[in-house]
Structures are given as structure tokens and as C-alpha cells.
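Survey of secondary and tertiary structure
The primary structure of each chain is shown beneath.
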Amino acid sequence: MDLHCLGGSQEVGKSCFLLDTGELRIVMDCGMKVHDHNEGPVIPGKVDVGIITHAHLDHSGCAPLLYKRNAPKTFCTYPTRPIMDLLLADSEKIARAENKQLPYASQNVKQLDKHLACLGYDEDYEFKDGSNFRFLDAGHVPGSAQILFKKGKRKVLYTGDFNTGYTRLHHPAKPVKADVLIIESTYAQRDHEPRKDVEKAFAREVEKALGDGLTVLVPAFAVGRTQEILEVLRAHTKAPVFVNGMGKKVCDIIMDYPSYIKSPENFAETMRNVTIIQGKSDEKKAFREPSVIVSTAGMLDGGPMLSYLDKCNQKNSAVVLLTGYQVEGTNGYSLVNEGRVRSEGIEKVIQLPVKHFDFSAHSGRIELFNYVDAVNPEKVVCVHGDACKDFAEELKNEGYDAFAPAVGDKIKL
Ligand SMILES: [Zn+2]
Ligand SMILES: [Zn+2]
């Protein structure tokens, strides 16, 4: 078996791995570098099967590219399908608005839709050569999966993005034994603060701001983060909570697939206590009294949150609690580092206090090392990170046969 690393190797973005078994050419993930001119992977030759681990665009954003040459069957989990539809449509809309090219044709999107098949967690799908694969819960975002591929006695586990840490929304990812482990390395150099401490600090900040008569603005990613934050707020505060942006649609999708989250009861209870902003009157209500508003964009590049930020900045009437990593070049990054954002082409100085909380959906450093030990593979391929090489080097020092391939590299598995 060969692994061609077509993207997401010594980088975060456009994750794409071609597993060539000799009989089948299976492409695992087909992502896009959203913050880097919508770059996609270059897939050499034909594809027999596509498998998408989760809906984040760095894993699914170029899934239509799988249909450039032929029409393979592509698999994802049940909730991933509607979330991916939502994100692909949004990325098309943004590309059009910004006059940017996408690396695939709209015809390819239709083909993907026609050939996309869903599979639940822990269900085997058998290929015609006798090999098979199954999705395992990755604990990262709703519907996220690891891929366990089996050919004869040989097992390959690709983690996609995964989290073994505690969250309110998801069961943690669980390791299984495999001969080859392809593991994401996003936080290989950094441990997360214990989640319960992060929750408490976040809740304290919320209560303090509300006590001071302020609005609490919580920019949050639509997929997973919005819902996690809503659950955290439900657990820690009685404050009025409003939600807006694309996260609303993801909340609806999650309600349709209750078995994909840890506690559908808790989530339903959370949603009953949240006001979904449907129009101007809900928005007015949100600003009438001290309240919490959770909305996209998580990095403040548009969405309702950017206009709320502007509105509150003029009156100095809010605090901003960031809940995710802010990529360089985004408004979130310039807000944290320079106290400015760009809105409708105009640069604005933001006076509001800004705090950051680590609600990451990725395994931290210690969890990554523990995972490798639990899977106990013969070979480890470190991908999806800025420091994959360092991670592989450390694993080598522990006695593992570890690699950090670059884009374009081919590895014998
Ligand atoms: Zn992800
Ligand atoms: Zn990712």
C-alpha cells in the first residue's frame, strides 16, 4: 500500500491523502486552503473512492474536485452531508462575492451530490477487493469521523481532526489498534488548559460583564463551537442567550441527528433556553438588556457578529470573548494583535475589551502522545500541523517509525 500526501502535510489546509492499495485508489479528505486563495490539492490519476472525515472546509472544501476525471462513490457520515452542503454553498457564495476562483466547476458539485453516500459510525463498508473501512467517532465536530481502513490483516487509522478531551457536545475519540496511524498534529507543541477551568473562567467573565450592564459578544464557528458554547452557557449561567449566524442552521441539523452528540437531552434543553435571532425585533431584544450573543463569524470576517462588534464599539457597551484560534490575516487576528478590524473595506479601531478562551476541538499535546501509545502502530504519519516534523522527531525518540511527509511525498505503508 502507498500513501500519496496531496495536502495537509506540514501544513493546515487542503487535507488530502490518496491511499493506493494496488487495486483501489481511495482519497481520504479533499480540503481547501480557505485562507490561502482557495487552493486545492492536485489529485493525480483517477479516484475509485472518496471518503470525507468531516465538514470543515480544510477537509471537505474541494470534495467536488474528486469528480474532475471520473465519478467515484464518496462517503461521509449522516450529519456531515448537510453540514458540508451548507459550508460548500457558503464558500461558493464568498468566492463569488470576493471575485475569487474555486478550483472546481459547479458541474462537479452536482456530481458529488449524486454520488455521495452516508455511513454511520462503526458500520463496515466492504469494497470489491475484500478490503473495508469504517468511521469511528472523532469527537471533533458534529459528524466528525476517523477512518479505519482494513486490507487483509493490515489496518490503517486516519484520525482526521480528532479530540480525546472532555467537551459537552461530543464523546471523546477512542483509540483502536492499527498498524499505521496517520495522525493530525495541530496541537503537538501545546497542551490545552483543563476544559473545566476554561469553562469556569469563561463563565466568570460572562457574569462580570453582565453585572456591569454590558453585552457579551461571543464570536463562534458555526460547526460545533456555537453549540458547545451554548451548552457551556446553559450549564453555568442563567443569562439571556441569543444565537445568530450560520450556527443556527447547524443547531437544526444536530437536532436531526441526535445519536451523533453526547447528550441530545441536554442539547434540546439548551436550545429551548436560547433565543434564535430571526429578525430585527429579536436583535433589538438582545441589546435591550445585558445578554450574551453567540454568532458567526468565529474569526469576525463577516457574519452578524461583525456588525454587532461595530454597534457595541460605538457605545463601548460590550466585551468580546473569543472562543477559537484566530488565523493570521483574519479580523479576529488583527483585533487581538492590533485592536482593529476591517468592515466593509473600512479599518476600525475597536476599544472593547477582548479575551480569549481555549475551547479547541483538537486533541492537545499530551493527548496526541497518549493516542499514539494506545494505537501502538508500526508506522506513524504526522500530518495537519505547523510542527509535524518536530512531532515526528519526538515520536522517533520514543522508538516509533514516524514521518512528517511534505505535500507531494509518497510513503510505503
Ligand atoms: Zn476540523
Ligand atoms: Zn482540519
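The structure presented is a predicted model; accordingly, all values stated were derived computationally and were not measured. (Residues numbered from 1 in each chain as written. Chains lettered and ligands numbered in written order. Predicted model: local features only at pLDDT ≥ 70, side-chain atom pairs only at ≥ 80, totals over all residues. Heavy atoms only, no water.)

1. A look at the coordination of the zinc ion (ligand 2)
Note the cut-off: Nitrogen, oxygen and sulfur within 2.8 Å of a metal are treated as its donors, or within 3.2 Å for sodium, potassium and calcium (Na, K, Ca); water is not counted, so a site can appear incomplete. Any coordination sphere not matching a tetrahedral pattern (four donors, all angles between 85 and 135 degrees) or a square planar or octahedral pattern (four or six donors, opposite donors over 155 degrees apart, other angles between 65 and 115) is reported as irregular. Numbering of helices and strands starts at the N terminus; helices are DSSP runs of H or I of at least 4 residues and strands are runs of E of at least 2. The rule is simple: take the accessible area with a 1.4 Å probe, protein chains only, and divide by the maximum for that residue type; under 20% is buried, over 50% is exposed, in between is partly exposed.
Protein-derived coordination of the zinc ion (ligand 2) comes from Asp58 (OD), His59 (NE2), Asp161 (OD) and His384 (NE2), at a distance range of 2.1 to 2.2 Å. Coordination geometry of the zinc ion (ligand 2): the four donor atoms subtend angles of 86 to 157 degrees at the metal centre, consistent with an arrangement described as irregular. In the primary structure, the donors to the zinc ion (ligand 2) are separated according to the pattern D-H-x101-D-x222-H. Taken as a pair, the zinc ion (ligand 2) and the zinc ion (ligand 1) show a spacing of 3.6 Å, with Asp161 coordinating each metal. Taken as a pair, Asp58 in helix 1 (residues 57-60) and His384 in the loop between strand 20 (379-383) and helix 12 (388-397) lie far apart in primary sequence, 326 residues in all. Per residue, the accessibility class of Asp58 equals that of His384, and both read buried.

2. Comments concerning the coordination of the zinc ion (ligand 1)
His54 (NE2), His56 (ND1), His140 (NE2) and Asp161 (OD) make up the full set of protein donors to the zinc ion (ligand 1), lying at 2.2 to 2.3 Å. For the zinc ion (ligand 1), the four donor atoms in the first shell make angles of 92 to 160 degrees at the metal, a pattern classed as irregular. Of note, the zinc ion (ligand 1) draws all its donor residues from one chain, in the sequence arrangement H-x1-H-x83-H-x20-D.

3. A look at the nonpolar core
Cut-off, in case you're wondering: To form a nonpolar core, buried Ala, Val, Leu, Ile, Met, Phe, Trp, Tyr and Cys residues must be joined to one another through side-chain atoms within 4.5 Å. Each domain's limits were defined by an automated method or a database of domain assignments.
Phe202, Val216, Val292 and Val294 are the most contacted members of the largest nonpolar core, which totals 62 residues. Mapped onto the domain boundaries, this core takes at least three residues apiece from domain 1 (2-190 + 361-412) and domain 2 (195-356). If you look at the next biggest cluster of nonpolar residues, it comprises 28 residues, including Leu24, Ile51, Ile147 and Val156.

Interpretation note: all reported values are geometric properties and have no functional meaning in isolation.
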